[in-house]
Amino acid sequence: MLEYCIRPAGPEDLDGARAVMLDTVYRDFGTGYVPRWHGDIIDPVASYLVPARHTLLVALDAEGQVVATGALDSRGPLHPPNPRHVAERYPSGESAQLRRVYVRAEHRRRGLARRLVAELLAFAVADGGYRAVYLHTDPAVEGAEGFWRSLGTVVHDEREDPDGGQGIVHFDVPFDVPLDTLASLHPDAVSPHL
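Residues numbered from 1 in each chain as written. Predicted model: local features only at pLDDT ≥ 70, side-chain atom pairs only at ≥ 80, totals over all residues. Heavy atoms only, no water.

Geometrically, the link from His79 to Pro80 is a cis peptide bond, its omega value of -20 degrees lying close to zero. As for its placement among the helices and strands, Pro80 is situated in the loop between β3 (66-73) and α4 (84-89). Each neighbour pair has its own omega, and for Pro80 with Pro81 the value is 15 degrees, a cis peptide bond. Even without being glycine, Arg100 reaches a positive phi, approximately 50 degrees. Secondary-structure assignment places Arg100 in strand β4 (residues 95-103). Using a relative accessible area of 11% as the deciding quantity, one classes Arg100 as buried. Positioned with a positive phi, Arg109 is a non-glycine residue whose angle comes to about 65 degrees. With respect to the secondary-structure elements, Arg109 resides in the loop between β4 and α5 (112-127). (Helix = DSSP H or I, 4+ residues; strand = E, 2+ residues; numbered from the N terminus. Buried < 20%, exposed > 50% of the residue type's maximum accessible area, 1.4 Å probe, protein only.)

All right, on to helix α2 (residues 35-42) then. Turning to α2, its buried residues number three or more, namely His38, Asp40 and Ile41. Down the axis, α2 shows its buried residues gathered within 120 degrees of arc, on one side only. Away from the buried face of α2 by more than 90 degrees, exposed residues Pro35 and Arg36 are located. Where α2 is buried, its residues touch α1 (14-28), α3 (44-49) and β4. (Arc of directions from axis to C-beta. Contact = heavy atoms within 4.5 Å.)

As a further point, take the pattern of salt bridges. With the rule as written, the count across this model stands at 15 salt bridges. Notably, a salt bridge pairs Asp23 with Arg27, separated by 3.7 Å at the nearest N-O pair. Residue Asp23 and its partner Arg27 are both found in helix α1; the two are separated by four residues, about one turn of the helix. Using a relative accessible area of 65% as the deciding quantity, one classes Arg27 as exposed. One salt bridge connects Glu94 with Arg131, and the closest N-O pair in it is separated by 2.6 Å. With a gap of 37 residues between them, Glu94 in the loop between α4 and β4 and Arg131 in the loop between α5 and β5 (132-137) connect regions that are remote in the sequence. Via salt bridges that share partners, Glu145, Arg149, Asp157 and Arg159 belong to a single interconnected network. (Salt bridge = Lys/Arg side-chain N within 4 Å of Asp/Glu carboxyl O.)

The first and last C-alpha atoms of α5 sit 23 Å apart over 16 residues, in line with the 22 Å expected at 1.5 Å per residue. Every buried residue belonging to α5 is among Leu112, Ala113, Arg114, Leu116, Val117, Ala118, Leu120, Leu121 and Ala124, and all of these are buried. A positive backbone phi angle near 80 degrees is found at Gly128, which sits one or two residues after α5. (Expected span 1.5 Å × (residues − 1).)

Written as structure tokens, this is what we have:
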């Protein structure tokens, strides 16, 4: 088992973090860079490093290369494109949104996503101002839905919408997911993309 260092991203980590995130949206998601969805990837300083209540974590391998990312910010989901009741349930400023939990393919299935989520939840708790933790995922991404279902509760599944929505699944994640629960997840429950 390789050892990894998880820490808040510094200026020296930004190119590596961008590379992990861009590789994920191009190779794994197949969407490529879409400015309205991925602006935070291009400018992580303004999105995660400058705001005091936001964070970008990186996982570094033994050679010091960024191999995984995880972020949290205080921006709730917007309506549209998200359902109105989801946006109202998770207002900006009161909701910690988990974002960009991505792991390079060759480092997957080693618990990095679980460790990143645990650190992000600890950050949200330490902030003291968040009342909920939210995230959304595309269930078309292999393993993502199962991973997040193991940690949170579905609050809305757009696949069940009469109009179809975007097909996204929205989750509430408790602040108190025990670390042993995170660490004991069966490896097959972990997304190959996480």
